[in-house]
Amino acid sequence: MHPAVKNGSYDVARVREDFPILSMQVYGKPLVYLDNAASAQKPKAVLDRLHEAYTSEYGNVHRGLHYLANTATEAYEGAREKVRAFLNAERAEEIVFTRNATEAINLVAYTFGRERIEEGDEIVLSIMEHHSNIVPWHFLRERHGAVIKWAPVDDEGNFLLDEFEKLLSPRTKMVAITHMSNMLGTVVPIKEVVRLAHARDIPVLVDGAQGAVHLDVDVRDLDCDFYVFTGHKLYGPTGIGALYGKYAHLAAMRPFNGGGEMIREVFQDRVTYGDPPHKFEAGTPAIVQAIGFGAAIDYVNSIGKARMRAHEQSLARYAHERLREINSLRIFGNAEDKGAIVSFEIKGAHPHDVATIIDRAGVAVRAGTHCVMPLLARFGVTATCRASFALYNTQAEVDSLAQALNKAQDFFA
Ligand SMILES: Cc1ncc(COP(=O)(O)O)c(C=O)c1O
């Protein structure tokens with residue numbers, strides 16, 4: 001257990017000591033990093049693990065017979081086991097390392113989706129999806145005549161389960177849906193979604209890029225067919241993500257990329273493939289990044305997701321209160337079940353301008369489309385600002401955000 005959470009307390013100052021970058025200044029002001037939904041900062045435990053892997057455990061994995069090849073393979077496969085436990089998957093073979101969540105979704109769309117979906121077949125997404133969980137399905141629409149249907153949200157951003165159910169038809173071949181919206185923060189009742197889809201034999205892919213960071217994930221309890229997430233949002237390195245797939249699916253799916261590591265035998269006139277997960281990990285994988293990903297999971301476990309969530313949720317509640325005091329500010333998303341993300345606009349100001357102004361006060365938020373253009377269109381805007389909270393943020397940082405926004409508001413008044 002991490003010393004910051006001993007005896008039931010949550011010592012955020014102690015947590016912050018783990019993140020070297022947080023003590024930096026920008027434009028002479030203390031950094032207030034509230035762009036965590038885009039990518040989170042890295043604790044020393046992860047940075048040290050990366051260093052150690054390169055300096056004393058490094059070699060290529062799986063194919064070597066020497067000491068370093070073996071230590072690297074052990075550490076890489078050890079990271080797979082950590083991901084398995086993190087998701088409570090049944091077998092480590094159900095975990096495929098990918099570059100990120102995006103690549104994991106593409107893998108499923110190109111293999112599983114492509115094999116099942118014919119002209120006129122339907123794919124149900126939610127209107128909240130990130131472009132990563134839209135564009136691969138658009139490929140199937142463009143190239144194979146699939147039809148995309150969109151599950152709606154209400155004006156508060158609540159996911160409408162009844163409306164979702166109405167979209168399921170005998171032509172529905174796939175449901176692909178986010179666990180938690182990266183713009184509204186809405187948490188989708190995934191277990192119910194899976195239950196409704198499975199009652200009609202429809203497989204479900206869950207985009208856990210945000211959900212895996214903030215919510216408890218038990219893929220056996222959710223019973224989803226696929227769950228994807230990404231290391232860099234979970235305090236891990238860039239360049240590494242994971243796909244969970246039920247073993248029967250992975251075993252039946254054709255390979256995605258071809259090359260070394262994924263084959264059993266190659267002849268002049270034919271080729272046979274390895275078993276999952278290696279069948280989907282062609283070429284030299286992101287060995288050290290996977291090891292760092294495992295260290296990030298250890299770090300999160302040492303604090304505990306429930307404690308992280310309680311801390312982040314209290315910051316988000318406080319941020320809502322403070323931001324509502326700003327007259328010209330509109331918040332997007334007030335769902336009953338909502339994670340620690342606050343999207344907003346200041347009336348009459350472009351979100352890029354707002355973000356640029358508050359950046360000068362050291363406050364980092366994201367502004368733009370957040371890769372959710374259909375969702376922005378649903379709310380009648382082309383961009384928003386977004387503050388997103390992590391385990392190391394503080395109430396004082398929320399105050400800095402509110403103060404900087406008040407100043408920005410005056411600028412546009
Ligand atoms: C909900 C959601 N899905 C998918 C992604 C894509 O993640 P990555 O860029 O790591 O593949 C993101 C990243 O912002 C996201 O928020």
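Heads up: the structure comes first, above all this text.
Since we're looking at a predicted model, the values are computed, not measured. (Residues numbered from 1 in each chain as written. Predicted model: local features only at pLDDT ≥ 70, side-chain atom pairs only at ≥ 80, totals over all residues. Heavy atoms only, no water.)

## Examining helix α15 (residues 395–412)
So, point 1. Under the 1.5 Å per step criterion, the end-to-end length of α15 is 26 Å for 18 residues, consistent within 8% with the ideal 26 Å.
So, point 2. The complete set of buried residues in α15 reads E397, V398, L401, A402, A404, L405, A408 and Q409. (Helix = DSSP H or I, 4+ residues; strand = E, 2+ residues; numbered from the N terminus. Expected span 1.5 Å × (residues − 1). Buried < 20%, exposed > 50% of the residue type's maximum accessible area, 1.4 Å probe, protein only.)

## Let's talk about a nonpolar patch on the surface
So, point 1. On the surface, I263, V266, V271 and Y273 cluster together to form a nonpolar patch covering roughly 320 Å² of accessible area.
So, point 2. Broken down by secondary-structure element, the contributors of at least two residues to the nonpolar patch are β11 (263–266) and β12 (271–273).
So, point 3. Within the secondary structure, V266 is located in strand β11. (Patch = residues over 30% accessible without salt bridge, like charges linked within 9 Å, V, L, I, M, F, W, Y side chains within 5 Å. Areas by Shrake-Rupley, 256 points an atom, 1.4 Å probe, with all protein chains shown as cover. Salt bridge = Lys/Arg side-chain N within 4 Å of Asp/Glu carboxyl O.)

## Points about unusual backbone geometry
The general pattern is negative phi for most residues beyond glycine and trans for most peptide bonds.
So, point 1. Here the residue pair P276 and P277 is connected by a cis peptide bond, since its omega of 5° sits within 30 degrees of zero.
So, point 2. Mapped onto the fold, P277 is located in the loop between β12 and α11 (287–303).
So, point 3. Of note, the phi angle at N88 is positive, near 55°, even though the residue is not glycine.
So, point 4. In this structure, N88 sits in the loop between α3 (67–87) and β4 (95–98).
So, point 5. Take N88: its relative accessible area is 27%, and that puts it in the partly exposed class.

## Observations concerning the sheet that holds strand β17 (residues 384–388)
So, point 1. Taken in spatial order, the 4 strands of this open sheet run β13-β14-β17-β16, and their pairing is antiparallel. Looking at the sheet topology across the chains shown, the edges are occupied by β13 (329–332) and β16 (366–368). Ignoring strand direction, the axes of neighbouring strands in this sheet form an average angle of 30°.
So, point 2. As defined by bridge partners, β16 adjoins β17 across 3 bridges and the pair is classed as antiparallel. Across the sheet, the residue bridging to A367 is C385, located in β17. (Pairing = 2+ DSSP bridges. Axes fitted to C-alpha atoms, helices over the stretch in contact; angles between N-to-C directions.)

## Details of the nonpolar core
So, point 1. Ranked by internal contacts, the top residues of the largest apolar core, which has 80 residues, are L87, F164, V175, Y227, F229 and Y392.
So, point 2. A total of 11 residues in this core trace back to one element, the largest contributor, which is α11.
So, point 3. Setting aside chain neighbours within four positions, we find F229 in contact with V83, F86, L87, N100, A101, G208, A209, A212, L234, G241, A242 and F293. (Core = buried A, V, L, I, M, F, W, Y, C linked by side-chain atoms within 4.5 Å. Contact = heavy atoms within 4.5 Å.)

## As for the packing of α3 against α11
So, point 1. The N-to-C vectors of α3 and α11 enclose an angle of 40°; their axes lie 8 Å apart at closest approach. Taken as axis vectors, α3 and α11 run oblique relative to one another. Here the hand of the crossing between α3 and α11 comes out left-handed. Contacts from A72, A75, Y76, A79, K82, V83 and F86 in α3 reach I287, A290, I291, F293, G294, I297, D298, V300 and N301 in α11.
So, point 2. Here the contact of α3 with α11 is composed, by residue class, of 12 nonpolar, 2 polar and 2 charged. (Parallel < 35°, antiparallel > 145°, perpendicular 65-115°, else oblique. Left-handed = near helix turned anticlockwise from the far one by under 90°. Nonpolar A, V, L, I, M, F, W, Y, C, P; charged D, E, K, R; others polar.)

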